[in-house]
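What follows is each chain in one-letter form.
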Amino acid sequence: MPEKKQKKSDTQDSLQEYDIPDNRHNFDRIWALLKKEYPDAKPSLNYSNPLELLVATILSAQSTDVQINRVTEKLFKKYRTVEDYAEADFRELENDIYSTGFYKNKAKNIKDAARLIVEHYNGRVPETMAELVTLPGVGRKTANIVLARAFGVVEGIAVDTHVKRVSRRLGFTKNSDPEKIEQDLISLALKEDLDSISMTLIYHGRKICQARKPKCEICIVKELCPSRVMFIGK
Ligand code: SF4
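Rules of the game
- Residues numbered from 1 in each chain as written.
- Predicted model: local features only at pLDDT ≥ 70, side-chain atom pairs only at ≥ 80, totals over all residues.
- Helix = DSSP H or I, 4+ residues; strand = E, 2+ residues; numbered from the N terminus.
- Rg over C-alpha atoms; globule rule 2.2 N^0.38 Å.
- Buried ≥ 20, exposed ≤ 12 C-beta atoms within 10 Å, placed from the backbone.
- Near = placed C-beta within 6 Å.
- Nonpolar A, V, L, I, M, F, W, Y, C, P; charged D, E, K, R; others polar.
- Domains from an automatic or database assignment.
- Core = buried A, V, L, I, M, F, W, Y, C linked by C-beta atoms within 7 Å.
- Contact = placed C-beta atoms within 7 Å.
- Axes fitted to C-alpha atoms, helices over the stretch in contact; angles between N-to-C directions.
- Parallel < 35°, antiparallel > 145°, perpendicular 65-115°, else oblique.
- Left-handed = near helix turned anticlockwise from the far one by under 90°.
- pLDDT = per-residue confidence, 0-100.
- Expected span 1.5 Å × (residues − 1).

Caption draft 1: How the structure looks around the overall build of the protein chain. In terms of helices and strands, the protein chain carries 12 helices and zero strands. From first element to last, N terminus to C terminus, the protein chain shows the α and β order α-α-α-α-α-α-α-α-α-α-α-α. Here the C-alpha radius of gyration of the protein chain, 19 Å, is about what a compact globule of 234 residues would show, namely 17 Å. Dimensions of the protein chain, computed from the C-alpha atoms along their principal axes, are close to 60 × 40 × 30 Å. Counting across all 234 residues of the protein chain, residues that qualify as buried make up 37%.

Listed below in structure tokens is the structure:
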């Protein structure tokens, strides 16, 4: 089966050449507005244990939660333990997750991660950032999600393509590297808000601050956003 072509990154938007002013001083006001706008911002991946969340999160790269939930509904009935993934027939696993895109890489990462969990972590999904990021296909973004949702440990902020784009447009960071963006956001936010920042920015990015055509006219934070000038003028 042919691997799906990677979409052009939606962070490669027209703001690349635009020097967005530092707007960190407005973080608190913007965050208050966004928090009020998206009070129910929650992840929509379905899972019932840490292993399922780990697999769903690895699968979710470059895909939608709706699509992942469709796939995992069958997947989680077929693969119930970490050994099931570790011992899975590679081609069969590829086939089972084909519609999520990048299925070859994802199948390899899931199988290799499962093997490592069996061999080094007594068959249990590890509960620390340092251990989680040793698993294939698991970076800080996935680890932050698993730690917070599966174990209630909030260590950082999961930075995906929406968080990256919206944070940059709002002038909270000039960085492109997700780990640096995460640190920039952590330096601005209160500890109790760390858990909700990611999903709130994701909601705003999906609904309003979209990659190609942000809906600045109806954006709740447009008066405080330095990038609206680029899209709709003053
Ligand atoms: S004003 Fe436009 S660019 Fe700024 S956050 Fe809102 S939608 Fe995004």
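Back to the text.
Caption draft 2: Expanded view of the site of the ligand. What surrounds the ligand is a group of 14 residues, the closest being Cys209, Pro214, Cys216, Cys219 and Cys225. The residue inventory of the shell around the ligand, partitioned by class, reads nine nonpolar, one polar and four charged.

Caption draft 3: Geometry of the environment of Ala56. Among the structural elements, Ala56 can be located in helix α2 (residues 50–59). Residues Ala56 and Leu147 lie 91 residues apart in sequence; the distance between their C-alpha atoms is 14 Å.

Caption draft 4: A look at unusual backbone geometry. Even without a glycine there, the phi angle at Phe102 is positive, about 50 degrees. Mapped onto the elements, Phe102 comes out in the loop between α5 (90–96) and α6 (103–120). At Asn122, a position not held by glycine, the phi torsion is positive, near 55 degrees. Mapped onto the secondary structure, Asn122 falls in the loop between α6 and α7 (129–132).

Caption draft 5: Local environment of the domain arrangement of the protein chain. Along its sequence, the protein chain is carved into domain 1 (14–41 + 157–232) and domain 2 (50–151). Classifying every residue of the side of domain 1 that touches domain 2 gives four nonpolar, no polar and four charged.

Caption draft 6: Broad picture of the nonpolar core. One finds Leu54, Val55, Ile110 and Val146 to be the most contacted residues of the largest nonpolar core, which totals 51 residues. Per element, the largest residue contribution to this core is seven residues, and it comes from α2. Both domains that furnish three or more residues to this core are identified here as domain 1 (14–41 + 157–232) and domain 2 (50–151). In contact with Leu54, other than residues within four places in its own chain, are Val125 and Val146.

Caption draft 7: View of the environment of Ala158. Position of Ala158 relative to the elements: it lies in the loop between α8 (140–151) and α9 (161–169). Considering only alpha carbons, one finds Ala158 and Arg140, 18 residues apart in sequence, at a separation of 6.9 Å. Those residues within four positions of Ala158 in sequence are excluded, and the remaining contacts are Lys141, Asn144, Ile145 and Ser198.

Caption draft 8: Molecular detail of the packing of α2 against α8. Viewed as axis vectors pointing N to C, α2 and α8 meet at an angle of 150 degrees, and their least axial separation amounts to 10 Å. Taken together, the axes of α2 and α8 are roughly antiparallel relative to one another. In this structure, α2 meets α8 at a crossing whose hand is right-handed. Touching Pro50, Leu53, Leu54, Thr57 and Ile58 of α2 are Thr142, Ile145, Val146, Arg149 and Ala150, all from α8.

Caption draft 9: View of the confidence of the model for the protein chain. Considering every residue of the protein chain, the mean pLDDT works out to 92; 92% of them sit at 70 or more. Residue range residues 1–12 is modelled with pLDDT below 50. Its contacts to residues more than four positions away, or to other chains, number 13 contacts.

Caption draft 10: Structural detail: α6. Spanning 18 residues, α6 covers 25 Å between terminal C-alpha atoms, matching the ideal 26 Å at 1.5 Å per step. Taken as a whole, α6 has its buried residues at Tyr103, Lys106, Ala107, Asn109, Ile110, Lys111, Ala113, Ala114 and Ile117. In this structure, the buried side of α6 is in contact with α2, α4 (82–86) and α5. Looking one or two places after α6, you find Asn122, whose phi comes out positive at around 55 degrees.

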